[in-house]
Amino acid sequence: MNLSFAYGSAAASFSRCAVKMNFKDEVNVDAVAQDSLEKLGYKQEMTRSRGLVQILFMTLAIMAVPFGLTSPIATSLIGGGPAVMIWGWILVSVLTQTLALSLAEICSKYPTSAGTYYWCYRLASPRTRLLASWINGWLTVVGGWTVDLSVKFATAQLVVAGAGIYYSEWDATALQTYMIFLGVTAIVGIFCIFFNRLLPTIDVGPHLFIVAKIPIACQIICACWTGLGIIVISICVLAKAAVGRHPASFALGNFDPSFSGWTPGWSFFIGTLSDQELNHVSAYTFSSIGMITHMAEEVYNPSEILPKAITWSVPIGSLTGVLFLLPILFTLPDVNTLLQVSSGQPIGVMFTLIMGSRAGGFGLWFIIFGISMFCSMSTSCAGSRATWAFARDKAIPFHRRFSKIDPSLGDVPVNAYALSTVIQVLLGLVYLGSSAAFNAFAGVAVMCHGASYAMPIAISLMDARRDMHDAPFNLGKFGTIINAVAVLWIMFVTVLFSMPAVIPVTRWSMNYASVVFGGFGVISAAWYMINGQFYYRGPPIQEEPTSSSGSSALDSNNSGR
């Protein structure tokens, strides 16, 4: 009895000691991160509450692989069918890994929520860095707004597809789809703002593990939901296969580009990359891997954790996509039937035909719908941080208001979130006038994010990567090749996302992404002439970098901000 009591006391003492040590370690890590942030020129305003698991799950939630691969199935089928879906996905995954590695390297040296526009400022020469950071910052912010808009609107269209399972005769009007979009936006906003302060605590053995805020909990739930959802969908479609099963030659090799009108090779890439009707094809799924860099000031050890999360997310997402796609391709219904769905979103019809019942189809649809909601929460969270960071550097109108943090709601940049939401709601009104013009926003999201990622990588390349020699996550002798492939890949993707999915082109099938992209560029340039050239001084600099590019000079206008 005494021995039991002594053992229990020792165990309790060890538990308390472990908790204290864990807390002490976290405090030390936070202190180092805060000191590093101050050297980059910023004060610590956010609460650091995210570890590797949470930020990795957030990246995967933004990717939302099953949602990103099923929602664009119409475009993939038009582009060529099963071969485009599976081999295009693998090809995009391999090439995107070069981008992930390139971003991870720069992020490890400059881990701040300002992200790529800060990197441009630090890497470019004094003569060009101010304009480079301004252009990149607006690319980043517009990319965040439009990717969040497209995810929420695609979720609204997914709701229409789900309703169509039981009400096949219902053809949603543009206004009805827009109202559903507003509902999705409201639900996501409630979770991201009003539930952000809750700090659920999980007792794990002798350690006290803080999961942190609701969005983080949502990301963990999202990971479980996605993993279990893929298992459930795979088992159900393979077991039921009401419309029959295809041989491997069809699932892995069937390629029919006749629906697109393009030549076979071009049709393959159109089906893999092009983004029509808000469809999130392979490249779109990976287009926002850099968004988590805007969470840097909420991560415990960002120089180490963010690069790991960025680089690991691509192979994990790629494997997830393969495991999800294969069962669907082996049980795929007739392509013509799927392409004849009036809403342009055949996912509900596809699952219903495979399962042989409306209930079965709705059950699988609901899994995808859940993933899309989690994705919306994560993109909204990251996008609001990008807006807040750019406002903090005085680049957005009324920057003092939009750069405020609300401590009463758990360090949420409420004003920046509200600005992002209002702009999305206003942009959504375009859908009421022209769905073709509105669909361009999804392509613009990819083009803006891609360009914002390519700029710092290209600047570093042109300077022979001199600033990267001391990056904690270093690509070494392969860095030049990896960076070059990443930049070339982004350039190619940008061209593809400007192309229509089918030819001949009509006013309804035209891809207006390049026009909208240019329009945002004109607005950014106009604001620079009106305000930016007088008030924007770029991100603050407190520490002189060592680079022969000329960026080592301390900008006296920025010091002490």
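Our subject is the structure listed above.
Please read these numbers as outputs of a predicted model, since none were measured by experiment.

## Concerning the overall build of the protein
Here comes step 1: On a plain count of helices and strands, the protein comes out with 22 helices and 2 strands.
Here comes step 2: Burial analysis of the protein (561 residues in total) assigns 56% to the buried set.
Here comes step 3: Residue pairs in contact within the protein that sit at least 24 positions apart in sequence constitute 81% of those at least 6 positions apart.
Here comes step 4: On the protein, roughly 22000 Å² of surface is accessible, and the fraction owed to carbon and sulfur atoms is 69%.

## With respect to the pattern of salt bridges
Here comes step 1: Applying the stated criterion across every chain yields a total of 9 salt bridges.
Here comes step 2: Close ionic contact of D470 with K109 constitutes a salt bridge, the shortest N to O distance being 2.9 Å. With D470 in the loop between α20 (435–462) and α21 (479–496) and K109 in helix α5 (residues 82–109), the pair connects residues that are 361 residues apart, well separated along the chain.
Here comes step 3: Its relative accessible area of 40% is what places D470 among the partly exposed residues.
Here comes step 4: Classification of K109 by relative accessible area gives buried; the value is 16%.
Here comes step 5: Residue K152 pairs with D148 through a salt bridge whose shortest N-O separation is 3.2 Å. With K152 and D148 both in helix α7 (residues 129–166), this residue pair falls 4 residues apart, about one helical turn.

## Regarding the environment of P66
Here comes step 1: Summarising the element assignment, P66 is placed in helix α3 (residues 65–70).
Here comes step 2: Judged by its relative accessible area of 1%, P66 is buried.
Here comes step 3: It is 6.7 Å that separates the C-alpha atoms of P66 and G321, two residues lying 255 residues apart in sequence.
Here comes step 4: In contact with P66, not counting residues within four places along its chain, are T226, I230, F324, I368 and I371.

## Regarding the packing of helix α2 (residues 52–63) against helix α13 (residues 302–330)
The relative placement of two packed helices comes down to the angle between their axes together with the axis-to-axis distance.
Here comes step 1: Interhelical geometry of α2 versus α13 gives an angle of 45° and a closest axis separation of 9 Å. With respect to their mutual orientation, α2 and α13 come out oblique. Considering the relative orientation of α2 and α13, their crossing is right-handed. Contacts between α2 and α13 involve L52, I55, L56, T59, L60 and M63 on the former and, on the latter, I305, L306, K308, A309, W312, S313, V314, I316 and G317.
Here comes step 2: Class assignment of the residues belonging to the contact of α2 with α13 gives a composition of 11 nonpolar, 3 polar and 1 charged.

## Overview of the side chain of N483
Here comes step 1: Assignment of secondary structure puts N483 in helix α21.
Here comes step 2: What makes N483 buried here is its relative accessible area of 2%.
Here comes step 3: At a separation of 2.7 Å, a polar atom in the side chain of N483 contacts the side chain of S102.
Here comes step 4: The contact partners of N483, leaving out residues within four places of it in the chain, are S102, E105, I457, L461, R465 and L475.

## Digging into unusual backbone geometry
Here comes step 1: Positive phi is not limited to glycine here, since K394 has a value of about 65°.
Here comes step 2: Tracing the chain through its elements places K394 in the loop between α16 (358–392) and α17 (399–402).
Here comes step 3: On the basis of relative accessibility, which here comes to 35%, the residue K394 falls in the partly exposed class.
Here comes step 4: The residue R465 is not glycine, and still its phi comes out positive at about 60°.
Here comes step 5: Structurally, the position occupied by R465 is in the loop between α20 and α21.

## Comments concerning the environment of P504
Here comes step 1: Following the sequence through the fold, P504 ends up in the loop between α21 and α22 (513–535).
Here comes step 2: It is 8.9 Å that separates the C-alpha atoms of P504 and S260, two residues lying 244 residues apart in sequence.

## What to know about the nonpolar core
Here comes step 1: In this structure, I55, L332 and M350 are the most contacted members of the largest nonpolar core, which totals 142 residues.
Here comes step 2: Ignoring anything within four residues of it in the chain, the contact list for I55 reads R50, I292, M295, V299, I305, L306 and A309.

## Points about the packing of aromatic side chains
Here comes step 1: Using the criterion set out here, one finds 22 aromatic pairs in the structure.
Here comes step 2: Seen in terms of ring centroids, W489 and F492 are 6.3 Å apart; in terms of plane orientation they differ by 35°. Their pairing is tilted. Placement of both W489 and F492 in helix α21 is noted, with a separation of 3 residues, approximately one turn of the helix.
Here comes step 3: You can call W489 buried: its relative accessible area is 9%.
Here comes step 4: Assessed through its relative accessible area of 27%, F492 is described here as partly exposed.
Here comes step 5: Members of the aromatic cluster, joined through ring pairs, are Y117, W134, W138, W145, F390, Y528 and Y536.
Here comes step 6: The ring of Y42 is capped by R392, whose NZ or CZ atom sits 3.8 Å from the centre of that ring.

## Some points on α21
Here comes step 1: Taking 1.5 Å per residue, 18 residues should reach 26 Å; α21 reaches 26 Å between its end C-alpha atoms and fits that length.
Here comes step 2: Within α21 the residues assigned to the buried category are G479, I482, N483, A486, V487, W489, I490, V493 and L496.

## Quick notes on the side chain of S460
Here comes step 1: With respect to the element layout, S460 can be found in helix α20.
Here comes step 2: For S460, a relative accessible area of 4% puts it in the buried group.

## Concerning the packing of α7 against α20
Here comes step 1: Put simply, α7 and α20 touch, their axes get as near as 7 Å, and they point 145° apart. Taken as a pair, α7 and α20 cross one another with a handedness that is left-handed.
Here comes step 2: When the residues that make up the contact of α7 with α20 are grouped by side-chain class, the tally is 16 nonpolar, 8 polar and no charged.

## So, the environment of M63
Here comes step 1: Residue position: M63 is located in helix α2.
Here comes step 2: In this structure, the C-alpha to C-alpha distance between M63 and V314, residues 251 residues apart in sequence, is 9.2 Å.

What counts as what
- Residues numbered from 1 in each chain as written.
- Predicted model: local features only at pLDDT ≥ 70, side-chain atom pairs only at ≥ 80, totals over all residues.
- Heavy atoms only, no water.
- Helix = DSSP H or I, 4+ residues; strand = E, 2+ residues; numbered from the N terminus.
- Buried < 20%, exposed > 50% of the residue type's maximum accessible area, 1.4 Å probe, protein only.
- Contact = heavy atoms within 4.5 Å.
- Areas by Shrake-Rupley, 256 points an atom, 1.4 Å probe, with all protein chains shown as cover.
- Salt bridge = Lys/Arg side-chain N within 4 Å of Asp/Glu carboxyl O.
- Axes fitted to C-alpha atoms, helices over the stretch in contact; angles between N-to-C directions.
- Parallel < 35°, antiparallel > 145°, perpendicular 65-115°, else oblique.
- Left-handed = near helix turned anticlockwise from the far one by under 90°.
- Nonpolar A, V, L, I, M, F, W, Y, C, P; charged D, E, K, R; others polar.
- Polar contact = N/O pair within 3.5 Å; in protein donor to acceptor, adjacent residues only side chain to side chain.
- Core = buried A, V, L, I, M, F, W, Y, C linked by side-chain atoms within 4.5 Å.
- Phe/Tyr/Trp six-rings, centres within 6.5 Å; stacked < 30°, edge-to-face > 60°.
- Lys NZ or Arg CZ within 6 Å of the ring centre and 35° of its normal.
- Expected span 1.5 Å × (residues − 1).

Interpretation note: all reported values are geometric properties and have no functional meaning in isolation.
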